[in-house]
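Each chain is listed here by its residues.
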Amino acid sequence: MKKNYKERNNVLVLLDSSDGYIIAGILNELKNELNCSFYGVVIKDRTDYDFWKKQNILKFEKLWYYPDYYNKKNDFDINFLNKIEKELEVNLWNFIFSERFFYKYNQYHKFTHKEILSNLQSTLKLFQTVLIESKPNFVSVSYTHLTLPTTPYV
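So, how was this worked out
- Residues numbered from 1 in each chain as written.
- Predicted model: local features only at pLDDT ≥ 70, side-chain atom pairs only at ≥ 80, totals over all residues.
- Heavy atoms only, no water.
- Pairing = 2+ DSSP bridges.
- Helix = DSSP H or I, 4+ residues; strand = E, 2+ residues; numbered from the N terminus.
- Axes fitted to C-alpha atoms, helices over the stretch in contact; angles between N-to-C directions.
- Contact = heavy atoms within 4.5 Å.
- Buried < 20%, exposed > 50% of the residue type's maximum accessible area, 1.4 Å probe, protein only.
- Right-handed = clockwise from strand over helix to strand, strands pointing away.

Participant: Could you clarify how one ought to interpret the sheet that holds strand β1 (residues 9–15) in this entry?
Facilitator: Within a beta sheet, neighbouring strands are joined by backbone hydrogen bonds and run either parallel or antiparallel to one another. What the four strands build is an open sheet, ordered β3-β2-β1-β4; its pairing is parallel. Unpaired on one side and paired on the other, β3 (60–65) and β4 (138–140) mark the two borders of the sheet. For this sheet, the mean angle separating the axes of adjacent strands, direction not counted, is 15°. Across three bridges, β1 lies against β4 in parallel orientation. For Leu 12, the partnering residue across the bridge sits in β4 and is Val 139. Strands β1, β2 (36–42) and β3 of the sheet are contacted by helix α2 (residues 46–54), whose axis makes an angle of about 170° with β3.

Take a look at the structure:
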């Protein structure tokens with residue numbers, strides 16, 4: 001039995017090529033039961049982004065392609081990062097040290113502090129924009145997104 005939801009629910013979806021299609025199938029069924037608007041962030045591949053833009057199974061109000069938002073200049077605003085830490089009451093370095101791409105498990109590139117803070121700021125600004133624009137009631141995140149990629153997938 002279909003429920004009648006009067007208010008529109010905004011659903012933010014992180015789409016990864018490894019599980020995005022399964023998540024989309026589940027959300028497609030959800031949209032048939034609930035009154036939903038979908039917003040998505042494509043995490044890795046440009047081909048995935050192109051697919052999600054063109055497909056007509058699950059309509060997205062807006063899609064963001066995560067690698068488009070990397071700060072390629074390697075500059076950052078320490079005041080912005082400090083403000084985020086205060087507002088959210090977090091220590092961003094705890095997140096940095098837990099990110100496998102920044103720490104000792106990355107055998108391909110040793111990130112400088114400047115690169116790390118630049119990538120972190122870019123990611124924070126993107127998701128700040130995403131949350132402001134999408135105003136999600138629900139967020140769909142799979143276990144593979146416990147940490148986000150920190151290097152561009154081009």
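Participant: Explanation requested: the pairing of β2 in the structure shown.
Facilitator: Put simply, side chains in a regular strand alternate between the two faces of the sheet. With respect to burial, β2 is a largely interior element, seven of its seven residues being buried. Residues Cys 36, Phe 38, Gly 40 and Val 42 of β2 are buried on one face, and the alternating residues Ser 37, Tyr 39 and Val 41, pointing to the opposite face, are buried as well. Bridge analysis of β1 against β2 gives seven bridges, and the strand direction is parallel. Looking at the pairing, Asn 10 lines up with Ser 37 of β2. Of the strand pairs in this sheet, β2 and β3 are connected by five bridges, and their pairing is parallel. Bridging across to β3, Tyr 39 finds its partner in Lys 62. Taken together, β2, α2 and β3 constitute a β-α-β crossover, and its handedness is right-handed.

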